[in-house]
Amino acid sequence: MRLLHTSDWHLGRAFHRVSMLGAQAAFIGHLVETVREHAVDAVVVSGDVYDRAVPPLAAVELFDDALHRLAALGVPTVMISGNHDSARRLGVGAGLIDRAGIHLRTAPAEAGTPVVLRDAHGPVAFYGLPYLEPALVKDEFGVERAGHETVLAAAMDRVRADLAGRAPGTRSVVLAHAFVTGGQPSDSERDITVGGVAAVPAGVFDGVDYVALGHLHGCQTLTERIRYSGSPLPYSFSEAGHRKSMWLVDLDAGGAVRAERLDCPVPRPLARLRGALEDLLADPALTPHEEAWVEATLTDPVRPADPMARLAARFPHTLALVFDPERSPDDPDVSYARRLAGRDDQQIAEDFVAHVRGAGPDPRERAVLRDAFDAVRADDTLREVAR
């Protein structure tokens, strides 16, 4: 069976205030043509279809167009909700849409109930594990501790139990939206840390033939059977080095996997430039970046006059301007943002405690801070879903 694995469309998202709807529409067209050209048997979409729980109308219309075009091909599509999606909204009409060959899996309770497709070699069971927010699903899975690994492990126990009761030789595909250990994150992914831990070990997915992951925006191979497709378009300058693509996966009669990367159309390349303004304006080596979307970091010791206008004269698609004068780390003028770069909320809070009272928090206090951050994030998720 030939699968096309994609994820993280983020329909409705902009890139530094530049609308991406046109590029997203072009990607949908490319996806449909790829399915047709490569004789794909099933499409899997591993979450974050939309960029937010209540997407703009234009994004909903684009998703509707994608569903109609995929259904018209007669090629089954299996989709799950991600942490950016409202699972309940995305799942509205799932039973009816199912009849058109578009299988939406957004309910955690359905983790062990597969979509079963067939080819010349027999059945393939597709298990959809939507994004599992630990605080919201721990009761469903009967786990005492709300953590990503515990709820995903419980969901996979249901998958393996169902698979064990199926005909010998049944092949299996799991769609999941999670941060799996070994994956490389980008700046454009929403933090899903719970209890100080965001990642789950790849061993959680043992026992299935292929795991189609979503959430991380870089295309990655964790093992031959566990892969991220990444987002089809860039959503932050941290993705400047990414090759945007989808996985074309062949699952043979015995469940062995062969995968090939297929490139996605990207409207413009990304470039991260750094240096003094006059150097950036004069350096001939930067000519290839003149039509790219540019993030420029200026290292001038004194902020130059009209930097954005001057940069735009050479790089008309400059979208982000950062000032980072080259100073020693102990210089009092080093910016607050620079001092905080790379530190998460927990670390910043612990540093604040140490600054105020001269000593950092003890283990009990660290646990209190961690529980507070987890509670706020879970409450934010509940509020977004309820909107």
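Remember, predicted model here, so these are calculated numbers, not experimental data. (Residues numbered from 1 in each chain as written. Predicted model: local features only at pLDDT ≥ 70, side-chain atom pairs only at ≥ 80, totals over all residues. Heavy atoms only, no water.)

Talk me through the sheet that holds strand β15 (residues 245-251); I want residue IDs and the actual numbers.
Judged by pairing direction, the sheet is mixed, and its six strands sit side by side in the order β6-β5-β4-β1-β15-β16 without closing on themselves. A single partner strand is all that each edge strand has here, and the edge strands are β6 (102-105) and β16 (257-263). Neighbour to neighbour, the strand axes of the sheet diverge by 20 degrees on average, direction disregarded. With four bridges joining them, strand β1 (residues 2-6) and β15 adopt antiparallel strand pairing. Pairing of leucine 4 across the sheet is with leucine 248, part of β15. The strands touched by helix α1 (residues 21-37) within the sheet are β1, β4 (42-46), β15 and β16, with β1 carrying the most contacts at an inclination of about 165 degrees. Along the sheet, helix α2 (residues 57-73) makes contact with β4, β5 (77-80) and β6, crossing β5 at roughly 150 degrees. (Pairing = 2+ DSSP bridges. Helix = DSSP H or I, 4+ residues; strand = E, 2+ residues; numbered from the N terminus. Axes fitted to C-alpha atoms, helices over the stretch in contact; angles between N-to-C directions. Contact = heavy atoms within 4.5 Å.)

An account of the sheet that holds strand β12 (residues 210-214) is needed here, citing residue identities and associated values.
An order of β7-β8-β9-β12-β14-β13 is seen for the six strands of this open sheet, with the pairing classed as mixed. Each edge of the open sheet is held by one strand with a lone partner, namely β7 (115-119) and β13 (220-223). Neighbour-to-neighbour, the strand axes of the sheet open up by a mean angle of 20 degrees, direction not taken into account. Bridging between strand β8 (residues 122-129) and strand β9 (residues 171-177) involves six bridges; their strand directions are parallel. The residue of β9 that forms the bridge with leucine 129 is alanine 176. Contacting β8 and β9, helix α6 (residues 148-164) crosses the sheet at an angle of about 160 degrees to β8.

Go over empty space enclosed by the protein, please, and point to the residues and values.
Left-over empty space is what a probe sized like a water molecule reveals as it rolls over the atoms. A complete count under the given rule lists one cavity of 30 Å³ or more for this structure. Per-element tally for the lining of the largest cavity: the top contributor is α6, with three residues. For the lining of the largest cavity, the residue count by class is 10 nonpolar, two polar and no charged. (1 Å grid on protein atoms, 1.4 Å probe; cavity = no way out; pocket = protein on both sides within 12 Å on 5 of 7 lines; lining within 4 Å. Points joined across faces, edges and corners; volume = space filled by probe spheres on them. Nonpolar A, V, L, I, M, F, W, Y, C, P; charged D, E, K, R; others polar.)

An account of the packing of aromatic side chains is requested, with residue identities and associated values reported.
Evaluation of the coordinates by the stated rule reveals four aromatic pairs. Ring centres of tryptophan 9 and phenylalanine 27 lie 5.8 Å apart, and the angle between their planes is 70 degrees; this geometry places the pair in the edge-to-face category. Of the two residues, tryptophan 9 is situated in the loop between β1 and β2 (14-15) and phenylalanine 27 in helix α1; the sequence distance between them amounts to 18 residues. Each member of the pair, tryptophan 9 as well as phenylalanine 27, is classed as buried. On the numbers, 5.1 Å between centres and 55 degrees between planes, the contact of phenylalanine 15 with phenylalanine 237 is tilted. Pair noted here: phenylalanine 15 is in strand β2 and phenylalanine 237 is in the loop between β14 (226-228) and β15, with a separation of 222 residues, a long-range link. The same class applies to phenylalanine 15 as to phenylalanine 237, namely buried. When the ring centre of tryptophan 247 is taken as reference, the NZ or CZ atom of arginine 227 above it lies at 4.4 Å. Cation over ring: arginine 303 sits above phenylalanine 323, and NZ or CZ is 3.7 Å from the ring centre. (Phe/Tyr/Trp six-rings, centres within 6.5 Å; stacked < 30°, edge-to-face > 60°. Buried < 20%, exposed > 50% of the residue type's maximum accessible area, 1.4 Å probe, protein only. Lys NZ or Arg CZ within 6 Å of the ring centre and 35° of its normal.)

Describe the side chain of threonine 6, with residues and values.
One can find threonine 6 in strand β1. Residue classification places threonine 6 among the buried residues on the basis of a relative accessible area of 1%. Looking at threonine 6, its side chain comes within polar contact range of the side chain of tryptophan 9, at 3.1 Å. The residues contacting threonine 6, other than those within four sequence positions of it, are Phe27, Leu31, Val44, Val45, Ser46, Ser229 and Met246. (Polar contact = N/O pair within 3.5 Å; in protein donor to acceptor, adjacent residues only side chain to side chain.)

Which residues make up the pairing of β1, and what values go with them?
In terms of burial, β1 is largely enclosed, as four of its five residues are buried. By the bridge criterion, four bridges tie β1 to β4 in an arrangement that is parallel. By the bridge assignment for β4, threonine 6 is matched with valine 45.

Describe the nonpolar core, listing the residues and the values that go with them.
Of all hydrophobic cores here, the largest spans 32 residues; its most connected members are Leu129, Phe141, Leu152, Met156, Val174, Phe205 and Leu213. No other element matches the seven residues that α6 contributes to this core. Apart from the residues lying within four places of it in its own chain, the contact partners of phenylalanine 205 are Leu152, Met156, Arg160, Val174, Ala176, Val180, Val211, Leu213 and Ile226. Counting residues in each nonpolar core, the second largest holds 28 residues, with Ile28, Phe63, Met246 and Leu262 among its members. (Core = buried A, V, L, I, M, F, W, Y, C linked by side-chain atoms within 4.5 Å.)

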